[in-house]
Amino acid sequence: MRTRWTGTAGALLALLAVTACNGDGSPSASESPSVTPSSVPTTTLATTEPTASATPSWPAGCASPMALPAGATVITATVSGGKVTPPRKTYDVKLRSIVRLLVTADVADEVHLHTYDRHAPTKPGCPAVIDFEAGIPASVEVELEDAGLHLFQVRAR
Amino acid sequence: MIEVLAHGVGGRTDLPVPFWMALYGAGIAVVLSFAALGFLWPTPRLREDKGRALPGPVAAFLGSPVLLWVLRALVLAATLVLVGAAFLGAPGEESNPLPFFLYVIFWVGLVPVSLLFGAFWRAVSPLRTIHLLISRASGSDPEEGLRELPPRLGYWPAVAGIAGFLWLELVAPDRSAPRMLGVVLVVYGAAQLVGASLYGAGWFARAEAFEVYSTLIGRMSPFGRLPDGRLALRNPLGGLAGIVPEPGLVAFVVILLGSTAFDGVTRSQWWTSLAGDATGWAAVPMGTFGLVLCCGVVAVTYVVATRAAGRPARADGEPLPGAFVHSVVPIAIGYAIAHYFSLLVLEGQQAWILASDPFANGADWFGTSDWTIDFTRVSARTIASTQIGAIVVGHVLGVIAAHDRAISLFKGRAAVKGQYPLLAVMVAYTLGGVALLLGT
């Protein structure tokens, strides 16, 4: 008999805890990204650059990229000495938004956007640019191909 | 083109599950655990030998030797083509079918197939087929070897095999290099065949890691055999209760659970910031440490919890960790489904693309070599619900299985109190599993 009470009490307590914890967050309301309990800021929304004009100080002698539509997200990273700056991060972007990856490296290599399977060459002095529509609801890896260096992740949701 | 990263094949990871979904899932698991304590049956009910015999024509079809040999031939042919492609096909992992078929179709696919059909790999394993053919050709009995398999060996050889494979899949650098994998598989197959000729076909059931894996999962299949040999439909939990613990089985299950947990850990942002920019062999020490640590945590928590269950009523009973290992199997299966379901459904579509041109010579055997993967075939919401659902269902089944075992081993109050430690550990595994799906 006692176990039945323990069982019921425990179940009710747990039920209470779940509803209290969830508070006003209903299934439809809390689709917001990055409800992460960790203290380390791990996700950021990438910066939105002004459109129409190409990125200021685009190096001479490198094919300049096409103009980006309004509302596009630009993610930048720099590779020097085998290390990526900012250190490997995850970027959240809106599903089906246009995203530009801008990678400046000090070696001749190739930037590979997984799953969408896009490549762009880098060389010292000329950044790699990949423009794509983030249509796949997943977290995809971007890496420097030959070095096998993971640059960052892009999450579209 | 396929890409390789993380655990063998990938480059794409699932989005974190919505927080509210994780919370509800965890909550349901905990609520049901307490409810089980209070309300589940008081006398043991799960048995392996109960079931309803399948109707004649169905049983005849499923059990027919013709079907069996057709499957064996197909699997053997596919194995030979794939291993051949490993050496003769494209050198890179993008167009060589072997790494993909090994890590995605075989390793992940074995779970649903075994859940559905039972000890699938034991029935169709190409190694068993080869051993059978060699025995027939030389006129010897495939079941007999030169010596008896020592009972104390138990499942330890399979433990070594599964640990090696999981290290290869989760930690090794260049883990998808086709030539290397071809060599590994040939060496593994040869070693297994030598063992089988030494100890008879019973060797495979103790030492072939994938067969042990498939047979273990197949314990939860709705199909089984009655004591008189007839095929029957049965309660999956009854099949689970029929697991006979032998030396090494606890280690095997612990490694399965720990390695899947480690796979989840490697996809978290916490791990990626910890691992930094190390690539190739530089990343191996940390990866190995992480894998060993995850398996170690599972091992210690499980053994402590089962030992703390108390002293069983029967003095000659099974040591407790072994007696309860069957209840961890559903949890391990739930973890596996949660982590690999989307890989099978999305990247798995590569199967027919790669199968059309295994030797990278421009062939198009099935007319599918120009197909592409549809990454939106299942929505992120479906993936998330399946992940949480698998963990919670695995947890609930594990709790029920553990409860039934506890009341058969202990008497009265001791039976209830004996369940607390294991229940707590199972809740911890489930909360941990749900937390891993949050991706932080």
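Criteria and thresholds
- Counting of residues starts from 1 at the beginning of each chain's written sequence and follows it residue by residue.
- All chains are assigned letters beginning with A, and all ligands numbers beginning with 1, in the order in which they are written.
- Given that the model is predicted, a residue must reach a pLDDT of at least 70 before its local features are reported, and side-chain atom pairs must reach 80 or more before they are shown or counted; all residues, however, enter totals for whole chains, interfaces and linings.
- No hydrogens and no water enter the side-chain calculation; it runs on all heavy atoms of the structure.
- Helix and strand labels come from DSSP, where a helix needs a run of H or I of at least four residues and a strand needs a run of E of at least two; each type is numbered from the N terminus.
- Buried residues are those whose accessible area, probed at 1.4 Å on protein chains only, stays under 20% of the maximum for their type, while exposed residues exceed 50% and partly exposed ones sit between those limits.
- A strand pair is defined by DSSP finding two or more bridges across the two strands.
- To estimate how far a helix should reach, multiply one less than its number of residues by 1.5 Å.
- Every patch collects residues that have over 30% relative accessible area and no salt bridge, joining them within 9 Å if they carry like charges and within 5 Å if they are nonpolar side chains (Val, Leu, Ile, Met, Phe, Trp, Tyr).
- Method for areas: the Shrake-Rupley scheme with a 1.4 Å probe, in which residue coverage is limited to the protein chains shown.
- The rule for a salt bridge is simple: a side-chain nitrogen of Lys or Arg has to be within 4 Å of a carboxyl oxygen of Asp or Glu.
- The positive count covers Lys and Arg only, the negative count covers Asp and Glu only, and His and the chain ends enter neither.
- For this purpose, a charge sits on NZ of Lys, CZ of Arg, CG of Asp or CD of Glu.
- Note on aromatic pairs: the rings of Phe, Tyr and Trp (six-membered ring only in Trp) are paired at centre separations within 6.5 Å, and the planes decide the class, stacked below 30 degrees, edge-to-face beyond 60, tilted for the rest.
- By definition here, charges over rings are those cases where NZ of Lys or CZ of Arg is within 6 Å of the ring centre and within 35 degrees of the ring normal.
- Definition used in this section: a nonpolar core is a set of buried Ala, Val, Leu, Ile, Met, Phe, Trp, Tyr and Cys residues joined via side-chain atoms within 4.5 Å.
- Here, two residues are considered to be in contact whenever any of their heavy atoms come within 4.5 Å of each other.
- Criterion for a disulfide: a pair of cysteine sulfur atoms at a distance within 2.5 Å.

*Asks:* Please explain unusual backbone geometry as it appears in this structure.
*Replies:* Residues apart from glycine generally show negative phi values, whereas peptide bonds are mostly found in trans. Residues and elements named next belong to chain A. Here the residue pair Thr85 and Pro86 is connected by a cis peptide bond, since its omega of -5° sits within 30 degrees of zero. Among the structural elements, Pro86 can be located in the loop between β3 (83–85) and β4 (89–93). One non-glycine residue, Thr115, lies in positive phi territory at about 70°. Take Thr115: it is sitting in the loop between β6 (109–113) and β7 (118–122). Judged by its relative accessible area of 9%, Thr115 is buried.

*Asks:* What is the right way to read the pairing of strand β5 (residues 98–105) of chain A from this model?
*Replies:* The side chains of a regular strand alternate, residue by residue, between the two faces of the sheet. All names here are of chain A. Counting buried positions along β5 gives six out of eight residues, so the element sits mostly inside the fold. When β5 meets strand β8 (residues 128–133), the two strands line up antiparallel, connected through six bridges. Its bridge partner being in β8, Leu101 is matched across the sheet by Ile130.

*Asks:* Just to check I follow, could you spell out helix α13 (residues 249–266) of chain B for this structure?
*Replies:* Helix length check: α13(B) (18 residues) gives 26 Å between terminal C-alpha atoms against 26 Å at 1.5 Å per residue, within 8%. In terms of residue burial, α13(B) counts as a mostly covered element, since 16 of its 18 residues are buried.

*Asks:* What am I meant to see in the environment of Val58(B) here?
*Replies:* Tracing the sequence through the fold places Val58(B) in helix α2 (residues 56–62). Look at Val58(B) and you get partly exposed, because its relative accessible area is 37%.

*Asks:* Please explain a negative patch on the surface as it appears in this structure.
*Replies:* Residues and elements named next belong to chain B. On the surface, a cluster of negative charge is made up of Asp141, Glu143, Glu144 and Glu148. By secondary structure assignment, the location of Asp141 is in the loop between α7 (126–138) and α8 (156–170). Its relative accessible area of 40% is what places Asp141 among the partly exposed residues.

*Asks:* What's the story with the pattern of salt bridges in this structure? I'm lost.
*Replies:* Pairs can form between side chains of opposite charge once their charged atoms are near each other. What the rule picks out here adds up to eleven salt bridges over all chains. Note that Asp92(A) and Arg155(A) form a salt bridge whose closest N and O atoms lie 3.0 Å from each other. Here the residue Asp92(A) occupies a position in strand β4, and Arg155(A) occupies one in strand β10 (residues 149–156), the gap between them amounting to 63 residues. Residue classification places Arg155(A) among the buried positions, given a relative accessible area of 5%. One salt bridge in this structure joins Glu211(B) and Arg128(B), with 2.7 Å as the shortest N-O distance. With Glu211(B) in helix α11 (residues 209–218) and Arg128(B) in helix α7, the pair connects residues that are 83 residues apart, well separated along the chain. Judged by its relative accessible area of 1%, Glu211(B) falls in the buried class. Salt bridges sharing common partners tie together Asp92(A), Arg155(A) and Arg157(A).

*Asks:* Which parts of the structure should I look at to understand a nonpolar patch on the surface?
*Replies:* All names here are of chain B. Judged by side-chain polarity, Phe87, Leu88, Val183, Val186 and Val187 come together as a nonpolar surface patch covering roughly 460 Å² of accessible area. Here the element with the most residues in the nonpolar patch is helix α9 (residues 178–199); it accounts for three residues. Accessibility expressed as a relative area gives 53% for Val187, which makes it exposed.

*Asks:* What am I meant to see in the packing of aromatic side chains here?
*Replies:* For any pair of aromatic rings, the description rests on two quantities: the centre-to-centre distance and the angle between the ring planes. Residues and elements named next belong to chain B. Enumeration over the complete set of coordinates arrives at 16 aromatic pairs over all chains. Ring geometry for Phe106 against Phe210: centres 5.0 Å apart, planes inclined by 65°, an arrangement best described as edge-to-face. In this pair, Phe106 sits in helix α4 (residues 97–106) while Phe210 sits in helix α11, placing the two residues 104 residues apart along the sequence. By the burial criterion, Phe106 is buried, and Phe210 matches it. Clustering of aromatic rings is evident, with ring pairs tying together Tyr103, Phe106, Trp107, Trp121, Phe165, Tyr188, Phe210 and Tyr213. The ring of Trp41 carries Arg45 above its face, with NZ or CZ at 4.7 Å from the centroid. One residue, Arg72, lies across the ring of Trp69, its end atom 4.7 Å from the ring centre.

*Asks:* Looking at this model, I keep getting lost on the sheet that holds strand β2 (residues 52–53) of chain B. Mind explaining?
*Replies:* The strands that make up a sheet pair up through hydrogen bonds in the backbone, lying either parallel or antiparallel. All names here are of chain B. Strand order in the open sheet made by the three strands is β2-β4-β3, with antiparallel pairing throughout. Single-partner strands in this sheet number two, and they are β2 and β3 (223–225). For β3 and strand β4 (residues 231–233), the ladder comprises three bridges, and the chain directions are antiparallel. Each bridged residue has a counterpart across the sheet, and for Arg225 the counterpart in β4 is Leu231.

*Asks:* Got a minute to help me understand the nonpolar core in this structure?
*Replies:* The nonpolar side chains of a soluble globular protein tend to be buried, and buried together. Counting 107 residues, the largest nonpolar core has Trp107(B), Tyr213(B), Phe252(B) and Phe324(B) as the members making the most contacts within it. Apart from residues lying up to four places away in sequence, Phe252(B) is in contact with Ala158(B), Val159(B), Ile162(B), Ala209(B), Val212(B), Tyr213(B) and Leu216(B). Ranked by size, the runner-up nonpolar core spans 33 residues in total, among them Val99(A), Phe132(A), Ile136(A) and Leu149(A).

*Asks:* How should I be thinking about the state of the cysteines in this particular structure?
*Replies:* When the sulfur atoms of two cysteines share a covalent bond, that bond is a disulfide. This model, assessed by the stated rule, comprises one disulfide over all chains. Across the disulfide, Cys62(A) is cross-linked to Cys126(A) (sulfur-sulfur distance 1.8 Å). Note on the Cys62(A) and Cys126(A) pair: the S-S dihedral is about -90°, so by sign convention the disulfide is left-handed. Of this pair, Cys62(A) sits in the loop between β1 (43–45) and β2 (73–80) while Cys126(A) sits in the loop between β7 and β8, and the two are 64 residues apart along the sequence. With relative accessibility at 12%, the residue Cys62(A) sits in the buried group. Free of any disulfide, Cys294(B) has its nearest cysteine sulfur in Cys295(B), 6.8 Å distant.

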